[in-house]
Amino acid sequence: MWDESYQRLKEERDEIKREIEGIKREKEDLQVKHEVGIEKMKMIMEEERQNHDTERRRREEELNEKEERYRKGIKEKEEQMQKRQEEMLKQMQDERMKWEEEQCKIYEDKIKLIEQQKQDELKRAKPSNYEEDRRKEMENMIICSQTASSLQKEETRQNQKLGPKPNEQLKDLYDNLDLTKKRQDKMKTADILQITKSSFQSQEPLEENELVNSFLQKLINLNYRARYTAIKHRKKDSANPDIHPMDVQMAVFHCADGLLKQLIVTKLSQCQYSLPLLVPDPFTQQIEFPLWTFRQINKSWKKKDSNNEFISQTQPVYKAETPMVAFFRFGSVSSSKSQLINGLINERNHTFFHRNCSGSSRTRLLMDGVVEIAWYCPSGKKTDSFDDCVAFCNLHGDAAANEKQYEILTSMASVNVLFLPDFEKKNHYQNLVRSLFKSPQPLICLLIDNHCDETERGNGKFIIGLMDKNQSDLSNQIRETIKMTLTEQKMTFRLEDVAKHTGIRVDEEDPECRIGKEAAVQIMGLLRGKDPSTVKETILPCQGKLWHDWCKINKELHHLEGENLEEDKSTKLKNMREIREKQVAKGLSEFMKTFIETMKSQRDNEKNYFLRWMMKLLDDYTSEKLFDLHKEYDKKWHELSALKKKPDKLDQLQHEQTNLEKISVQINSTCFGFEHILREFGQIYESCSSVKKYKKNNLQFDFCSLPSLAAEMMTSGFPMELMDGDAAHIPLTWVTAVLDELVKKLGDQKVFVLSVLGTQSSGKSTMLNAMFGLQFAVSAGRCTKGAFMHLVKISEEMKTELKFDYILVVDTEGLRAPELAGRSTTHRDNEMATFFVGLGNMTLINIFGENPSEMQDILQIVVQAFMRMKNVRLKPSCIFVHQNVSDITAGEKNMEGRRRLLEKLDDMTKLAAKEEICDAERFSDVIAFDVQKDVKYFAQLWEGSPPMAPPNPDYCENIQELKQTIQTHASTSDGIMLTHLRDRIQDLWEALLNEQFVFSFKNSLEIATYKKLETEYSKWTWSLRSAMLDIEHKLHNKIENEAIHSVEEADLQTELNAKSEEVKKTMAVFFEKDRDATLLSQWKGFFEIKIKQLQENIVRETKRKLNGVLQQRHLKKKMDAERTHHENTLFKKSKELALKFKEQGNDENFMKTQFDSFWKQQTAEIIRDTPSVKDIDILGDVKNILIQNYKSLPLDRMKESSEQKDMIYLPSYSEYVKLKKSSGYTAPLKNMYKGAKEMIGLVLSEEDEVQIRSLITDIAEQTDKMILSYNISKMGYSNSCIQQLIDYIKARLTQHEEGAKVKYVFKSKFFVDLVLFICHRTNKTFTDQYKMFREANDPVLYFERKREEYYRIFQKYCQGASSTAVFGEFVCNKLKEPIQQNIYKKTARALADEMRTNCESLNGNRSKLEKHILRRLAEKHDFKAYMTYIKNPKEHFKNFIRDEVSQYISKRFKDSVRPKMENSIKQLQQKITNAAHEFTNLFNIGADIWLRQFALQLSGVLVFSLNNLTGVNHDDVNVSFLEDVIREELPSIISDIRSKFSTETFPVKLEHTDRPDELLIDHLCQCCWVQCPFCGAICTNTIEDHPGDHSVPFHRNNGLNGWFYRGTINLSLSICTSAVASDRSFCPNSSDDSVLWKKYRKGGPKYSAWSITPDLSELPYWKWFVCEFQEDLEKHYGKTYQGQGKIPAEWRRYSQDEAIESLDKYI
């Protein structure tokens, strides 16, 4: 029998061998066919490639030929044109030479005749030796026989030798100043005036790219030291030369748009500096006359009239007619021309920058050919240098090389001043010199290398030697000479006349400026011939008497009188309506109609120019009349003062007083500025809104557009009148409408309101102008009336620090105004103080001087205002500013002043507390006030006496200190939303009208409230999702167990109803009971709809998923049945084999041999084709990565890897570091000392050693965690793991080096050794985890794990165990996998709940999640991941969430994950035991019924089906003992499952949809995924179908999204927020139609759905990314960052750490 069995087995084995050989042959045949097919395919592909290459070369050759023919044609045409041009030029030169020679001969004859006459006279008066000297001098003067043309040729040859000014130097200059982009995309005023970090800092620039910003910030602050901006502590070994300060100024000038140029020039003028008059373009040499930049400059001076009395003059410089002295030189001179001019004008101030000024260098690039102008303005004192206003022009560079400038100056100058080395040394300028001597204008020739005294040559010609002369005496001598020539020379200079010269470009001819001017001139033409003192009554009728009457009645309306108050009220309201109707009936004047139409029709920049022109022309229109009226007023005032001393002249005194008041009224009527037009806007809007009768025949415009126009003006930098100073009233309807429009245009931005209070003419407006670069009216005749508000933008970098978007600067009229008297003054002052203290987050209390007795009145008003704020729970802050303090450096004096002020404030507080019924004893009880920090002392404004005095630098430094204090206060303030500001204005004003200031104030913050709502919404949605997950899990188990066969939405909805009702109740409570319920109510309906939609969606999605499970159940039945069949067959055959050898059951070796043979035979077919798995080499990968990516490192150290040092326990790290270099004056000595310490090995202190050791330890710990998070045991291994470790180590070392207290940097070998140490240390971890991966995933090992399970069954049967015992163990083994699934699924849901609370990156809103993603991207340095984020952001978000969950599980496994798993397994064990017990005690029940009931009990908990036991014979199983068997065997199964709990097994034990990361993805990714159509940035709204436009906190470079410049292969560098502020255009949807960026919404639906507001700060993060991955981006898109898309050098300075840090500022 044994032989037969053996023979049968042998035959079967041979048959199997034959089948195997046949399969091998078939495989070999298929392999051969496959290889042949591959070869054929390769041949076909190679042939196609060759054909393609041939065709490509043919096309390239054809293209090259065409290009060559085109170039030749162009070259021939250029040569022909060049030849014709040379011929014409030669002809013109020949004719000019002939004419000049004839003229020179005539002039020489005349000079000889004149000189002969003078010599004859001198012979009679002087000794012979003097005659000889004079003869030699005149011979030297006329030594030259060259003509002017030969001079030009010589100069041309010299210039050719020297070469033109290299464009490379200019480009380097612009690059170093970070202005390259600004050459085309000009800097704008808004860019400069926005608040940045540098706005609050006063330190000198440290890098060249900081020079421009430092210069502009100082200039805005009126600090004349701005022109001396330079890098003070440049390293001596710096390769780049110092940048000349004037190059900084001129580079900024060239890169500024027209409006910013005007601001710069105006500020330069205020600093008493020379101004650019003629400016050659540094690249094209086109000369520009910037007339527009002079339009805002006025000069004031005093001079004597015909009666020998001093009169004051104030005129715009562009039309002032004054003498002009022109200074220029021929050739190079050793003395400074500019310095000499300064000595003539103002010895204390360097009006013209010269070579001896601080920061001057020889590297000047932009000043040659520039003509600067300055004016000397006399003050009417004996010390005046000149008796009248005189203009001084200075041509920089050689005048002979700048012919056009020279021609213009000499033709317009009253006096020419020429600088020459000496006649003997330079003779090739003779003809030019000779022509000057022959010209009719006076000439002063200054010989640098000659020491002759002043010599008059007749006809106003003078020669003066400068050598060895006292500078002061020389200045006096030249000054007197100029004064003498000016008395005889009546020729005057008018700035506007420069524009008449040909060959130059006038900036006012630029289209935008020209259009604005033409429109303004047209409108002003309507006023031609009208009296300025009466014109407002006709063209601005709404703001006069009618408006004042309305204001009076409105105030009375709040104080009703009479017996019938309602009647009184009705009467007043009727009267007010009638007034509004009268205003409407007035209609629009032609002036206003034209003005409004112009405003509507013009583009942004045209509109800005237009408004500036209007302001200027209005000033010009009224200036002459106002000058006469002020002069008359001054005269009457003096007469009145004289009459007051005469008691007998009372009647005449009263008469003159009346006349004086009439003049005052006339002055007020004549004042006509831009603010009056805006005031008319307001009254037109208010009257039309009130009457609600829009009559097209009277008003040919939509009055509703007026607030929009006013809001546009505010956003463009124009002040907006808040309080009408004439009516002392706030046009509330108008202001509210403007703020509403402002919200529409800007969004509901948060602002910090900074108001100022002080007495009249105390310098409030001047202070604000200097602080923020504003242009509030500051002249003595234009005191602020009412109040004006001005928006100052906060840059993106400051928004996180300051917490608001704008500073709203509010300038107010002065308190204690002398034109008001009595109670009206006190009442109005109280109103003003209360309103603006309440309005401001901070109020500046401006006090002129420091005398407490003079402060008493204003302090009383201010204290009372703050007391009222305390009563209404507003918390403004204040700073006291003492202006015009004589000695601000006297610390003791200032301390005494502070003490007196605080005492006075405390006294006033006690008085105000009684009146306002407030419990306060000290001023600090009212508001937070620090007398040491919140009291500032300001120096005098002027450094010297006006009009030639510049602003005092100490005053400017005081301004900077005040700004820093404001920043400190503002950083603790949340500001106020514009909508809340609107409400606050209304509440404040209404309270003041009622004279009851205790009122209710809504102080809710809409953004914070909405974020709170978003957080609650996230909780509600997660609650619904979590409940549905539980329902889904239960139904999923029933489907798998075939307990149910269909799923309906109604059933799911029923299951979810309980949780749904709970969520609805929670929502209702939140919307009704929350403290911001009123504000929340606007979103209630929307969020209720969203919750309902979400519920419907998750029900539908769950049904879809469960139906999918149903389908899969059918599809995998066959596969599961086959697997079950194999397992049951193994069970059955192992049982048969065991029973067969039952008698040998005690022979372990025999039984094992039999089972091994059996197992091998049964599993041979399954494991036959199992592929092998390769080993890994961690250290080899480490070396390869270092060699590839860090070639500059000392990689030879890797050869010693077998002897790797233990870096943690090294005795010292001195050999691995070097000390940081010092900077400053003492740097050389410090660095020398550090070098010595390095040489002797004394680099580190013990503290440093401990610090480095701690760093290494921490890196080792973190890398261990990183390796565990890779989950290699389940996910496999990739060398990217090593790359991430190396990048992490590198990043940690860099981060450590940049620490503020770290004084050393690591050498390269430290990095290499540390990487090798870490990788040696973790090598075993890598290999062990990879071994686990093989064991878990290698199919060869699958049956090896099953082997022991079946061997135990076999063994038990052999040993005589009952079928019940074996079957019970088999059932427990079948429960093992379902138990594991249940535990992991339940833990996954609980873990997702926990991470929604505890995981930093996953517990917030979308913006917070995106910030963590961007940070992780930069840390990983993975270009592919970046492109996934840019192109498919949703997928990248999912990957990030998966990584976060994996890390969280690794980090929190012991204290969070495992306890959850333990709790779940205990609950399951109890349920299984209970299910086994429930049916065990029933009699007459078979095993089939028991199993069916057992499975049914567990169907909702575990996936356990009877199908798993199909084919297993259990007829002889005794049901009554099954409970005991299961109770005995189950703990070992549980123990086995528990033993495998680990961070490695957790993720891979779950199905994809059950993983916690996928659960979180489903929740967090249900948001808006719309990308910006330009840059691809994702809308950050947390709701998918949110209302309103899409928006994003910051945009990025368009090139990252593939955008490029049309007609090129250059990727775009534009950023959306910068582009929309420009005049450039784009082509939407790759069409040929261009759309202006400013009107990007017209590009189509996908553009119109986005809100992209202008913003020029740029995010360093994306700049760093473009530079870091430039090659990858170019390769990806097949384009380059060249040409228009060339990356600025400045971008390359951002480090990875800086890029990551910037995320915290912007998100």
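Visitor: Mind showing me how you'd approach the pattern of salt bridges here?
Guide: Pairing of side chains with opposite charge becomes possible as their charged atoms draw close. What the rule picks out here adds up to 42 salt bridges. Notably, a salt bridge pairs E480 with K483, separated by 3.9 Å at the nearest N-O pair. Of this pair, E480 and K483 both sit in helix α12 (residues 471-488), separated by 3 residues, roughly a single helical turn. Here E480 falls in the partly exposed class, since its relative accessible area comes to 47%. Among the residues examined, K483 registers a relative accessible area of 21% and is labelled partly exposed.

Visitor: Help me understand the sheet that holds strand β9 (residues 415-420), please; the structure alone is not making it clear to me.
Guide: Hydrogen bonds along the backbone pair up the strands of a sheet, which may run parallel or antiparallel. Read from one edge to the other, the open sheet built from 10 strands follows the order β11-β12-β10-β9-β6-β8-β7-β1-β2-β14, with strand pairing classed as mixed. Each edge of the open sheet carries a strand with a single partner, namely β11 (455-458) and β14 (505-506). Two strands pair when backbone bridges link them, and strand β1 (residues 275-280) and strand β7 (residues 371-376) are joined in this way by 3 bridges, in the antiparallel orientation. Directly across from P276, in β7, lies its bridge partner E372. Set on the sheet, helix α7 (residues 245-254) makes contact with β1, β2 (287-289) and β7; between it and β1 the angle comes to about 70 degrees.

Visitor: Is there a simple way to explain the packing of helix α44 (residues 1406-1420) against helix α45 (residues 1423-1431) in this structure?
Guide: Two packed helices can be described by the angle between their axes and the distance between those axes. Between α44 and α45, the shortest axis-to-axis distance is 9 Å and the interhelical angle comes to 155 degrees. With respect to their mutual orientation, α44 and α45 come out roughly antiparallel. Helix-helix and strand crossings are classified by hand; for α44 and α45 the assignment is left-handed. Contacts from E1410, I1413, L1414, L1417 and A1418 of α44 reach α45 at A1425, Y1426 and Y1429.

Visitor: Is there a simple way to think about the nonpolar core in this case?
Guide: Nonpolar side chains tend toward joint burial in soluble globular proteins. Counting 116 residues, the largest nonpolar core has F327, F330, I373, W375, F392 and L495 as its most contacted members. Setting aside chain neighbours within four positions, we find F327 in contact with K337, L340, I341, L344, F392, C393, N394, L395, V417, F419 and I482. M714, A787, V810 and A913 belong to the second-largest nonpolar core, a separate cluster that totals 109 residues.

Visitor: Help me understand unusual backbone geometry, please; the structure alone is not making it clear to me.
Guide: Note on backbone geometry: most residues besides glycine have negative phi, and most peptide bonds are trans. With an omega dihedral of 10 degrees, the bond running from P946 to P947 counts as a cis peptide bond. Looking at the element boundaries, P947 is found in the loop between β21 (935-937) and α29 (953-971). A positive phi is found at A728, a non-glycine position, where the angle reads about 55 degrees. Tracing the backbone shows A728 in the loop between β15 (720-724) and α22 (732-746). Looking at A728, the relative accessible area reads 12%, which means it is buried.

Visitor: Explain the side chain of R479 to me, please; I cannot follow it from the model alone.
Guide: You can see R479 is positioned in helix α12. Within the local environment of R479, its side chain forms a polar contact with the side chain of N476, the two groups lying 2.6 Å apart. Not counting residues within four places of it along the chain, the set of residues in contact with R479 comprises G343, L344, E347, S385 and F386.

Visitor: Sorry, what's going on with the packing of aromatic side chains here?
Guide: Given two aromatic rings, their pairing is described by the distance between the two centres and the angle made by the two planes. Here the structure, examined in full by the defined rule, presents 47 aromatic pairs. Here Y1216 and F1310 contribute two aromatic rings whose centre-to-centre distance is 5.3 Å and whose plane-to-plane angle is 70 degrees, an arrangement assigned as edge-to-face. Here Y1216 is found in the loop between α36 (1178-1189) and β23 (1217-1219), whereas its partner F1310 is found in helix α41 (residues 1308-1337), with 94 residues between them in sequence. For the residue pair Y1216 and F1310, the accessibility class agrees, reading buried in each case. On the basis of an interplanar angle of 40 degrees and a centroid distance of 5.3 Å, the ring pair of F1626 and Y1647 is categorised as tilted. Within this pair, whereas F1626 is found in strand β25 (residues 1625-1626), its partner Y1647 is found in helix α52 (residues 1645-1648), the two being separated by 21 residues in sequence. Note on Y1647: relative accessible area 1%, which makes it buried. Aromatic ring contacts, followed pair by pair, group F1423, Y1426, Y1429, Y1661, W1662, W1664, F1665 and F1669 into a single cluster. Directly above the aromatic system of F283 lies the positively charged group of R183, at a separation of 3.8 Å from the ring centroid. One cation-aromatic arrangement involves R1596 over W1662; the distance from NZ or CZ to the ring centre is 5.2 Å.

Visitor: Help me understand the environment of D934, please; the structure alone is not making it clear to me.
Guide: Locating D934 in the fold gives a position in the loop between α28 (923-926) and β21. Beyond its immediate sequence surroundings of up to four residues, D934 is in contact with C878, I879, F880, A928, F929, T965 and H969.

Quick notes on the rules
Residues numbered from 1 in each chain as written. Predicted model: local features only at pLDDT ≥ 70, side-chain atom pairs only at ≥ 80, totals over all residues. Heavy atoms only, no water. Salt bridge = Lys/Arg side-chain N within 4 Å of Asp/Glu carboxyl O. Helix = DSSP H or I, 4+ residues; strand = E, 2+ residues; numbered from the N terminus. Buried < 20%, exposed > 50% of the residue type's maximum accessible area, 1.4 Å probe, protein only. Pairing = 2+ DSSP bridges. Contact = heavy atoms within 4.5 Å. Axes fitted to C-alpha atoms, helices over the stretch in contact; angles between N-to-C directions. Parallel < 35°, antiparallel > 145°, perpendicular 65-115°, else oblique. Left-handed = near helix turned anticlockwise from the far one by under 90°. Core = buried A, V, L, I, M, F, W, Y, C linked by side-chain atoms within 4.5 Å. Polar contact = N/O pair within 3.5 Å; in protein donor to acceptor, adjacent residues only side chain to side chain. Phe/Tyr/Trp six-rings, centres within 6.5 Å; stacked < 30°, edge-to-face > 60°. Lys NZ or Arg CZ within 6 Å of the ring centre and 35° of its normal.

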